[in-house]
Protein chains: 2
Amino acid sequence: MLALSLALCAPSKAGPSLALMPLPAQVSIGEGKLIIDDSFSIRISGYSDRHLQDATARLASRIARQTGIPPRRAGKPTLVVECRGAAPEYPALSEDESYRLEISPISARVSAPTVTGALRGMETFSQLIAADADSFFVPTLRIDDRPRFTWRGLMLDAARHWMPVPVIERNLDAMAAVKLNVFHWHLSDDQGFRVESRLFPKLQQLGSDGNFYTQSDVRRVIAYARDRGIRVVPEFDMPGHTTSWLVGYPELASAPGRYEIERKWGIFEPVLDPTREEVYKFLDAFLGEMAGLFPDAYFHLGGDEVLDTQWKQSRTIQAFAAKKGFQTSAELHAYFNRRIQALLAKHGKKMIGWDEVLAPGLAADVLIQSWRGQKSLADAARQGHRGILSYGYYLDHMQPASFHYQIDPVSGETAALSAQETALVLGGEACMWSEYVTEETLPSRIWPRLAAIAERFWSPRETTDIHSMYTRLDAVNRWLQWTGVQNRSGYSLLSERVAPGDRAPALWVLVNAVEALGIDQRQEARHYTSLIPLNRLADAASPESESVRHLEEVVAGLSADPGQRQQRVEELRRAFTEWSRSSEQLRSLLSVRFLLLEASSVSEDLSRIGNIGLRALQYLESGEKISGDWLAQQEHDLDRMAQPRAEVVLAAVRPVHALLDALSRPPSHAEPVGNSPISH
Amino acid sequence: MLALSLALCAPSKAGPSLALMPLPAQVSIGEGKLIIDDSFSIRISGYSDRHLQDATARLASRIARQTGIPPRRAGKPTLVVECRGAAPEYPALSEDESYRLEISPISARVSAPTVTGALRGMETFSQLIAADADSFFVPTLRIDDRPRFTWRGLMLDAARHWMPVPVIERNLDAMAAVKLNVFHWHLSDDQGFRVESRLFPKLQQLGSDGNFYTQSDVRRVIAYARDRGIRVVPEFDMPGHTTSWLVGYPELASAPGRYEIERKWGIFEPVLDPTREEVYKFLDAFLGEMAGLFPDAYFHLGGDEVLDTQWKQSRTIQAFAAKKGFQTSAELHAYFNRRIQALLAKHGKKMIGWDEVLAPGLAADVLIQSWRGQKSLADAARQGHRGILSYGYYLDHMQPASFHYQIDPVSGETAALSAQETALVLGGEACMWSEYVTEETLPSRIWPRLAAIAERFWSPRETTDIHSMYTRLDAVNRWLQWTGVQNRSGYSLLSERVAPGDRAPALWVLVNAVEALGIDQRQEARHYTSLIPLNRLADAASPESESVRHLEEVVAGLSADPGQRQQRVEELRRAFTEWSRSSEQLRSLLSVRFLLLEASSVSEDLSRIGNIGLRALQYLESGEKISGDWLAQQEHDLDRMAQPRAEVVLAAVRPVHALLDALSRPPSHAEPVGNSPISH
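Not measured: the values here are computed from a predicted model. (Residues numbered from 1 in each chain as written. Chains lettered and ligands numbered in written order. Predicted model: local features only at pLDDT ≥ 70, side-chain atom pairs only at ≥ 80, totals over all residues. Heavy atoms only, no water.)

A few words on the overall build of chain A. Helices and strands together make up the secondary structure of chain A, namely 26 helices and 19 strands. A compact globule built from 680 residues would reach a C-alpha radius of gyration of about 26 Å, and chain A, at 27 Å, matches this within 12%. Dimensions of chain A, computed from the C-alpha atoms along their principal axes, are close to 85 × 65 × 55 Å. Counting across all 680 residues of chain A, residues that qualify as buried make up 61%. Across chain A, contacts joining residues at least 24 apart in sequence account for 76% of those joining residues at least 6 apart. For chain A, the exposed area adds up to about 25200 Å²; of that, 51% sits on carbon and sulfur atoms. (Helix = DSSP H or I, 4+ residues; strand = E, 2+ residues; numbered from the N terminus. Rg over C-alpha atoms; globule rule 2.2 N^0.38 Å. Buried < 20%, exposed > 50% of the residue type's maximum accessible area, 1.4 Å probe, protein only. Contact = heavy atoms within 4.5 Å. Areas by Shrake-Rupley, 256 points an atom, 1.4 Å probe, with all protein chains shown as cover.)

Here it is as C-alpha cells:
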C-alpha cells in the first residue's frame, strides 16, 4: 500500500477527503479500493466473546442496509476483526479505545487492544463505504486512532418530553457511530419523574403521566449502550427541579402543600427540604435503589437552578440555617450537596453536579459539569475537581454546527490551566433539553450537529477546519440514516400530516429555506406548555439549513474560479426560481392551514427573496449598472424578511444578501484586479 | 345524529366516502364532526384488563403520531372504550369480533362484547381521523360492524429470505389495522430452518445460516400478535421443502447423502422418508416441542410440491410401498400425512395442509388451504373439510389490487356448494412467498394490496366496487405509515444508495412509472439465488403504480365532465412533461450505474412515452386532424416499450395508449353526440 500521510488538520480543499467524522488521529491513504460485493463477510480472529460477535453481526446488518447485499456467514473474510482481550463488563472512564484499521485491495483488518477499540474501528469501516460506477467499496488506507478526551457525551432530557426506549436506542446507535461514549440520562425534572422506583412507587405513579421507564427498560437501555461501548450516567436533579417528586411525596418539600406535575417551562419554586433527616432517609433509600440499577461509577445529582423562595419562607428552615451558621442559601445548598455526596459514596458512586454545586468543602472526587462557561470548569480544576464542559454545546439553542465546533473544552479560562489541572478536564457533553423537542423531532435536533461536537471531543486538537467539517458533516448526515436514527424526521411528519402521500415539493422547499429557532426565542413566541403539540413549521425545520449553507458557499465561490462561474450562476438560478415559485405551489396545502398557520407569510417572503435573487443574477450577467435605489430597497426588504417569525428565521435571506453585497462592492475590493468574473 | 344510511356496496362516486378499509358492515353518517385537539383523551369504561389498557395506550400513541398531539391521560374523555368481557387468552377461531362505533360532535364510543371487538373498533376510529382547514377531526357517524369470514390471514415465508422480528412486528401492526386475524408463519423450507429447536438444535444451527427465531423470539411475536387479536399459525413444510432440515439430520432423508442449505429457488428432490419409524419418532418429539411453543389450535404441516424422485430411487421405500399396497407416490404421501395428523392430534393440534394433502382417509378435522383454486376448496368442503382460499391471493405474483379484490372465497366452484358446505369455507389467506422479497422490500410488496384482500375477507360480500376500493386504498396506503409499517420502503433505499441525501426527483418519477414483475418473470430474468442482492430498480418499484393508475382515470374521465376537461388535460401535461424530462435528469445518477444497470433504457423510453403523450395532447387541444401514420407508429412504439425489461414493466404506456385510443375513436363511439369535449 502506498502510504500518503494526510495533513488532516490543514485546510485540504483539494486533497483526498474521507467522509469520516470524527476524523481519526492518523490516516495514510493508499491507492485502489477494496470492493464490497456479495462475497463480503466478516470474521473474528483471535479473542472472541458474545459482545464482539454481536458487534460484528450488527456491522454486517448495517452494511447490508447500506448496500442491499445480504450478510454472508462463510467464505473468505473481507474484514477481519482482531482484538487481544475483553472490554470491561460495563464501559468505564479512561478505557483504552484505540484501534488500527488497515484496508488493502484484498481485505481489511480492524485490530485493537480490547473489544471497545474494535467497536470504534468497525464504525470507521462502516463510514468509509462508498459507491462508484461499478460497485460499493472502501478506499485502501491505514488508520491509527484513539480519542483525545475520555468523556464524550450527550445529555438527553427525558423528563420534559417523554422519550420512549426505541428512540433512545436508535440514538445510541448513532452516538456509537460517531464514537461518543457517555449517555447522560436526565431522568427527573419538574415536568416528570421517569424511572420506576419500587421503594417509592408514587414517584412514577403520580409524577409521570404514565410515561416512565420500568427497571427492565432501564436495564435494556444500559445493556444496549454497553454493547456499543457507551456508559449510562443517570441524573436525578435535586434539590430544585423536583416538582414531579412532590406530587407523590409532598412531605419532601420545603413548603407544605399539594403539588401537581408542572406543565409550563421555566424554573420553579418547589425544592426539597435540606434540613430534615426524613428527607435524607428517603434519598438514602432511593439512591441505594438507583445505585443498584445503574452500574456506572458516576451518578449525577443535578444541583442547578435552585430557587430559595421556599427556604426563605420557612421559619424552620431559616432556624436550621441560623443554627448551622449559614449566611446564604448557597451555603444551605452546599450542605445538601455534601450530604448527598456522602450518601452516593456510601452506595459506591462518585457524584457529578452542574457547576452550581462547586463550593468549599465539596469532596474532591465530585465531578463538575459546567454549563455556565470555561471559567467554572477552570475553577473546579484548580480546586482539584475533574470536570467536563457543556457550555457551548447546548443543542436546544439551535446554533449552527460551526458554533459548537469552535468551542474547545480546553480554551479560554481552561487554556490557562497547568498541565496537571488540564488533565482534570476529561471532555464534554452536548446537552439536549427537551422543552421544544418531542420524540418525533429529537433526531433532527440532535443530528447531524452532534457529529461535529463528537469530532471536537475525539479528534486531535488541531482538527479545526470548518470547511472540511461541513463537507464531511453533509456526508455523515446522509450516512447516519443507515444507523437507523431518523435524522430527517421533522419534515416528513409535517408533510404527511399536511399532504398525506404527496411528496409536497413546495413544502420541502420552504422547510429547507428556514431554520428553527432555539429555546430563547420559542419561549417568547407563544405560551408553551408540555401539552401543546410541536407539529408546526418550526418543528419540521432544521436548526441549520444545509441547502442554504451550500448556496452561501456558491455565492462566495462566484469570484473564485472563473471556469466554474456559469455553473454556479445556474445553480443559484435554479434555487431562486424554486423559491420564487414555491409560495404559489404551497397555497394548495393551506387547506390544512391550522398546521401551517404562520407559514403563509414566510412562504410569500421566500418567493420575494427568490425574485430578488433572480433580478440580482440578471444584473450580474448583463453587466447592467445596478441602481443604488433598487439595491437599497432590496436590502431593506431583506432585513425585514430576516426577522424571526413563526418561530423560524428565513435563512434564504443570507445567500441573496451576500449576492447583493458582491454586486455592490467595487471590483477592486471584491477580488484582485483582472481576476474578477463579476461584471458591474 | 342525523342517520343517513349509506349504500356502501353501490358505486357511490358522489356520496360521502369514508377512507375506511375494510368497509364496515353498516354505516350511518351524521352531520358535523368531533374535533381532535390537545384535549383528546381515551378512557376505558366498564370491563378492563391489561390487554385492553395496552391497546388504548397504543391507540393514543398512534393518534399522537398521526396528529403530533401528545396523548393526554386525564380530563374529559373524547373516546370511551367499553366492552363486556375479556378476549380469550389467545385469539381463537370463530371469536366474536363485532363492535359498534358511535361518534357525536362531543364524544366517541367504541362498544363491543369482548376486548377483541374493541380492538377492531379502535382501528376503525384511528382510520377515520382526517384534517381540514381548522383541525384534526373524525366525522360523526354510527358503525355496526362484524366480519364476514372468521379466518382472515397472511402467510409470510420467513424461510427463503430471513425476516427479523421487528419487521414481523411492524407487519402485525398493519395487519391489525385492516382487521386481519391470522398470521401464518412459514418457518422452514429448503433454503432455511428458522426456529430454535432445543431437542434438535442442529436444525437451526446448521440449517439457518444463523438466522433463526429463538424460542423467546417466537413467544414475543405470539404475545405481540395476541395483543392485536391475531392468531399465529406455524407451518413446518414436510415431507418436501425440507432440505434445510437434512443438513443437520441427513438420516431423515429418503436418500443417503450430505445435504447443504439450498441457495436456488424452485422445487427440489430432498424429501423426508415416510417409511421409517425413526423419522416419525423424530417428528413426534419435534412436533411436541413446537406444539408447546405455539398456542394456536391449528398447526400447518405444509405438504405441497412433493417430488417423488428420491422415493422412486429407493429400493426400501418401494418395497415398503408395495407391502402397503400403494400404487402411487400420492398414496405414500397420503400415508405420511395421516401419520403426521395422528402425531399432531396427540399433541392437541388440528392439522392444516396445502391442498395436495386432500386424499381419501384424511381425518375430517384437517383444514385444507387451497393454493390451486376454488375447485380443491370445494372438493374439500364436500368431503367435510374446513378450508381457506389462498388461490388468487399470491402477493408475490405482483398482480394489481383489483385482481385480488375480485376473487371471492365463495365463488366459482365453491359458489355451487350447499349452505352447510359453504359454512366450511372459513375465509382466506394472502401469501407472501419470499424468493424475491427481503426484509427491506417486504412492506412495499405486502402493502397496500393486502388491505384490499383484507376487505374481501371482512366486508359484506356485496362490497365489490373497484373504483371505491381504489379511492379508499390510496387513502389507507397514506394512512398505513402511522402504524409504523414501511409501506414505501423500496424506493427510499434505492434512492439513498444511488443519491445519498438527494431527493432524486427524476428517480422518483421513473420508479413511479414502472411496475415490478412477479416471481414468474423474475426467475426467468436472471439466475437468482438467495445470495443475490435485491437492491435494483425492480425492487424499488411497486407492484402497482398508484400514479399511473390515477392518470388512467384522468384519461378515462376526459370525456366525462366537460367542465373539468381543461384541468384534466393540464394534469396529463404535467405528468407527461415530467416523464419527458426525467431521462435527462436521471443521467447524472448513473454514476452509480451498477445499481441502475438496466434502468437506463427504461428511462429513455419513459421520456419517449412522455413526448408521445405531449404530442397527443396537442392533437386533442388543437383539433388538428390526427395522422393515421403517426398514430400507427406511436402505437407500435408503445407496444414495444410495454415489453418487460429490467424485471419491470413500463406502466406509463397505459394512460398514453388509452389517450391515443380516445383520439382515434370516432366521437360517436367515444361518447354521446353533442357531449363530446374531444375535437377531432
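Glancing now at the side chain of Asp396 of chain A. Residue and element names in this part refer to chain A. The residue Asp396 is located in the loop between strand S16 (387-389) and helix H12 (401-405) in this model. One buried charge, Asp396, has no salt-bridge partner; the nearest side chain with opposite charge is Arg449, at 7.4 Å. Ignoring anything within four residues of it in the chain, the contact list for Asp396 reads Cys431, Met432, Trp433, Gly518 and Ile519. (Lys, Arg positive; Asp, Glu negative; His and termini not counted. Salt bridge = Lys/Arg side-chain N within 4 Å of Asp/Glu carboxyl O.)

Both copies of the chain are placed relative to one another by a rotation about an axis and a shift along it. When chain B is fitted onto chain A, the two copies agree to an RMSD of 0.1 Å after a turn of 180° and an axial shift of 0.1 Å. The transformation relating the two chain copies, once decomposed into turn and shift, fits a two-fold axis. Comparing interface residues between copies, 100% of those in chain B also lie at the interface in chain A; the contact surface is shared. (Least-squares fit on C-alpha atoms with pLDDT ≥ 70 in both.)

Right, let's get into the packing of aromatic side chains. Overall, the coordinates contain 51 aromatic pairs over all chains when judged by the stated rule. Pairing Tyr394 of chain B with Trp433 of chain B gives two aromatic rings, centres 6.3 Å apart and planes at 50°, and the pair type is tilted. Here Tyr394 of chain B, found in the loop between strand S16 (387-389) and helix H12 (401-405), pairs with Trp433 of chain B, found in the loop between strand S17 (425-432) and helix H14 (442-446); they are 39 residues apart in sequence, far enough to count as distant. Summarising the burial analysis for this pair, Tyr394 of chain B and Trp433 of chain B share the class buried. Here the aromatic residues Trp162, Phe183, Trp185, Tyr213 and Phe294 of chain A are joined through ring pairs into a cluster of three or more. (Phe/Tyr/Trp six-rings, centres within 6.5 Å; stacked < 30°, edge-to-face > 60°.)

Let's shift gears to helix H23 (residues 599-622) of chain A. Compared with the 34 Å implied by 1.5 Å per residue over 24 residues, the 35 Å span of H23 of chain A between its first and last C-alpha is a close match. Remark: Gly623 of chain A follows H23 of chain A within two positions and exhibits a positive phi of approximately 75°. (Expected span 1.5 Å × (residues − 1).)

Interfaces are often sized by the accessible area lost when the parts come together. Counting residues at the interface gives 43 residues for chain B and 43 residues for chain A. Scanning the region where chain B abuts chain A turns up zero salt bridges. Applying the counting rule to chain B against chain A returns eight residue pairs in polar contact (both at pLDDT 80 or more). When contributions to the side of chain B that touches chain A are tallied by element, the ones reaching two or more residues are helix H1 (50-67) and helix H17 (489-498) of chain B. A class-by-class count of the residues in the side of chain B that touches chain A yields 18 nonpolar, 11 polar and 14 charged. (Polar contact = N/O pair within 3.5 Å; in protein donor to acceptor, adjacent residues only side chain to side chain. Nonpolar A, V, L, I, M, F, W, Y, C, P; charged D, E, K, R; others polar.)

This part covers the pattern of salt bridges. For the coordinates displayed, the defined rule picks out 88 salt bridges over all chains. When the shortest N-O distance is used, the salt bridge between Asp144 of chain B and Arg100 of chain B registers 2.7 Å. Here Asp144 of chain B, found in strand S8 (residues 136-145), pairs with Arg100 of chain B, found in strand S5 (residues 99-103); they are 44 residues apart in sequence, far enough to count as distant. With a relative accessible area of 30%, Arg100 of chain B lands in the partly exposed category. Notably, a salt bridge pairs Asp408 of chain B with Arg148 of chain B, separated by 2.9 Å at the nearest N-O pair. With a gap of 260 residues between them, Asp408 of chain B in the loop between H12 and helix H13 (419-422) and Arg148 of chain B in the loop between S8 and strand S9 (151-157) connect regions that are remote in the sequence. Each of Arg50, Asp54, Arg226 and Asp227 of chain A takes part in salt bridges that share partners, so that together they form one network.

On to the environment of Gly257 of chain A. Residue and element names in this part refer to chain A. With respect to the helices, strands and loops of the structure, Gly257 is situated in the loop between helix H6 (243-248) and helix H7 (277-293). Overall, Gly257 belongs to the partly exposed group, its relative accessible area being 42%. Sequence separation between Gly257 and Val247 is 10 residues; the distance between their C-alpha atoms is 9.5 Å.

Turning to the side chain of Thr140 of chain B, a few remarks are in order. All names here are of chain B. Tracing the chain through its elements places Thr140 in strand S8. Judged by relative accessible area, Thr140 falls into the buried class, the value being 1%. In terms of polar contacts, Thr140 uses its side chain to reach the backbone carbonyl oxygen of Glu31, at 2.9 Å.

It is worth spelling out the pairing of strand S10 (residues 182-189) of chain A at this point. A regular strand carries its side chains on alternate faces of the sheet. Residue and element names in this part refer to chain A. The element S10 is largely enclosed, with a buried count of eight among its eight residues. Bridging between strand S9 (residues 151-157) and S10 involves five bridges; their strand directions are parallel. Bridge pairing in S10 places Gly153 opposite Val182. When S10 meets strand S12 (residues 231-236), the two strands line up parallel, connected through six bridges. (Pairing = 2+ DSSP bridges.)

The next thing to look at is helix H2 (residues 115-128) of chain B. With 14 residues, H2 of chain B extends 20 Å from end C-alpha to end C-alpha; this agrees with the ideal 20 Å at 1.5 Å per step. Most of H2 of chain B sits inside the fold, with 14 of its 14 residues counted as buried.

Turning our attention to unusual backbone geometry. Residues Trp447 of chain A and Pro448 of chain A are joined by a peptide bond in cis, for which omega reads 5°. Note on placement: Pro448 of chain A falls in the loop between helix H14 (442-446) and helix H15 (449-458). Cis peptide bonds are those with omega within 30 degrees of zero, and the linkage from Met238 of chain B to Pro239 of chain B qualifies with 0°. Relative to the elements of secondary structure, Pro239 of chain B occurs in the loop between strand S12 (231-236) and helix H6 (243-248). The phi dihedral of Lys179 of chain A falls on the positive side, at around 65°, and the residue is not glycine. Mapped onto the secondary structure, Lys179 of chain A falls in the loop between helix H3 (165-177) and S10. For Lys179 of chain A, a relative accessible area of 2% gives the class buried.

What follows is about the pairing of strand S5 (residues 99-103) of chain A. Residues and elements named next belong to chain A. Only one face of S5 is buried, namely the one carrying Tyr99, Leu101 and Ile103, since none of Arg100 and Glu102 on the opposite face is buried. Taken together, the five bridges between S5 and strand S8 (residues 136-145) define a ladder with antiparallel strand orientation. Looking at the pairing, Tyr99 lines up with Asp145 of S8.

Residues and elements named next belong to chain A. Helix H24 (residues 628-641) packs onto H23 with a crossing angle of 150° between their chain directions and a minimal axis gap of 11 Å. Put simply, H23 runs roughly antiparallel to H24. Crossing handedness for the pair H23 and H24: left-handed. Facing Asp605, Arg608, Ile609, Ile612, Arg615, Ala616 and Tyr619 of H23, the residues of H24 in contact are Trp630, Gln634, Leu638, Arg640 and Met641. Class assignment of the residues belonging to the contact of H23 with H24 gives a composition of seven nonpolar, one polar and four charged. (Axes fitted to C-alpha atoms, helices over the stretch in contact; angles between N-to-C directions. Parallel < 35°, antiparallel > 145°, perpendicular 65-115°, else oblique. Left-handed = near helix turned anticlockwise from the far one by under 90°.)

Let us look at the environment of Tyr224 of chain A. All names here are of chain A. Take Tyr224: it is sitting in helix H5 (residues 215-227). On a C-alpha basis, the gap between Tyr224 and Ser530 in space is 29 Å, while along the polypeptide they are 306 residues apart. Those residues in contact with Tyr224, other than ones at most four positions away along the chain, are Glu169, Leu172 and Asp173.

Now for the confidence of the model for chain A. Residues and elements named next belong to chain A. This prediction gives chain A a mean pLDDT of 91; 95% of its residues lie at or above 70. Note that residues 1-16 has pLDDT below 50 and, in this model, 29 contacts with residues that lie over four places away or in other chains. In the predicted structure, residues 668-680 sits below a pLDDT of 50 and forms 23 contacts with residues beyond four places in sequence or in another chain. Across the interface, the model reports ipTM at 0.81; the global pTM reads 0.88. (pLDDT = per-residue confidence, 0-100.)

Looking at where Pro256 of chain A falls in the secondary structure, it is placed in the loop between H6 and H7. Once the C-alpha coordinates of Pro256 of chain A and Asp355 of chain A are considered, the two residues, 99 residues apart in sequence, prove to be 29 Å apart.

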